Amino acid sequence: MPVKVKGYLTYKEIIGEQSITIPKDAALTLSDLLTTLANQLGQEFTASIYDPKLEVLGELVAVIVNGRSYRNLPDGLETSLQDGDEVAVFPPMAGG
């Protein structure tokens with residue numbers, strides 16, 4: 001079973017639909033998944049998710065794995081993904 005990726009708001013537009021599936025490789029981590037998405041979806045996705053100066057995931061981008069922020073997972077971006085996992089990506093939010 002592949003990993004399901006859901007994009008919300010601007011990511012839904014970049015992905016071209018609300019969700020896509022990525023085949024699960026043997027040792028797929030969250031970081032690997034984001035790199036795969038950047039390669040598949042191109043510059044618009046890459047520029048919107050990574051900090052261009054630091055080349056790391058932007059501080060305000062929310063990446064949720066099975067309902068939990070990757071920041072709250074013990075291995076963070078190096079979390080191993082399992083068959084059937086669901087990853088949601090939300091753009092930076094502003095408001096007051």
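For the structure, check the block above.
Remember, predicted model here, so these are calculated numbers, not experimental data.

Q: Lay out the overall build of the chain in plain terms, naming residues and giving numbers.
A: When helices and strands are counted, the chain shows three helices and seven strands. Secondary structure elements of the chain, listed N to C terminal, follow the sequence β-α-β-α-α-β-β-β-β-β. Relative to the 2.2 N^0.38 estimate, which gives 12 Å for 96 residues, the radius of gyration of the chain is 13 Å and therefore close to what a compact globule would have. Over its C-alpha atoms, taken along the principal directions, the chain stretches across nearly 35 × 30 × 25 Å. A buried classification covers 36% of the 96 residues belonging to the chain. When the accessible area of the chain is evaluated, it comes to approximately 5,800 Å², of which 51% is carbon and sulfur surface. Counting 7 positive and 13 negative side-chain charges, the chain places the averaged centre of each group 7 Å from the other.

Q: Any chance you could break down unusual backbone geometry for me, citing the residues and the numbers?
A: Notably, L9 is not glycine yet its phi reads approximately 55 degrees, a positive angle. The residue L9 is located in the loop between β1 (3-7) and α1 (10-15) in this model. The phi torsion at N66 lies on the positive side, around 50 degrees, for a residue other than glycine. Note that N66 resides in the loop between β5 (62-65) and β6 (68-69). The class of N66 is partly exposed, set by a relative accessible area of 47%.

Q: Outline the nonpolar core, supporting the account with residue identities and numerical values.
A: With 25 residues, the main nonpolar core has L33, L37, I49 and V87 as its most contacted residues. Looking at this core, the elements with two or more residues in it are β1, α1, β2 (19-22), α2 (30-41), α3 (43-49), β5 and β7 (86-90). Sort the elements by how many residues they give to this core and α2 lands first, with five residues. Apart from residues lying up to four places away in sequence, L33 is in contact with V3, V5, I22, L28, L81 and V87.

Rules used in this analysis
Residues numbered from 1 in each chain as written. Predicted model: local features only at pLDDT ≥ 70, side-chain atom pairs only at ≥ 80, totals over all residues. Heavy atoms only, no water. Helix = DSSP H or I, 4+ residues; strand = E, 2+ residues; numbered from the N terminus. Rg over C-alpha atoms; globule rule 2.2 N^0.38 Å. Buried < 20%, exposed > 50% of the residue type's maximum accessible area, 1.4 Å probe, protein only. Areas by Shrake-Rupley, 256 points an atom, 1.4 Å probe, with all protein chains shown as cover. Lys, Arg positive; Asp, Glu negative; His and termini not counted. Charge placed at Lys NZ, Arg CZ, Asp CG, Glu CD. Core = buried A, V, L, I, M, F, W, Y, C linked by side-chain atoms within 4.5 Å. Contact = heavy atoms within 4.5 Å.

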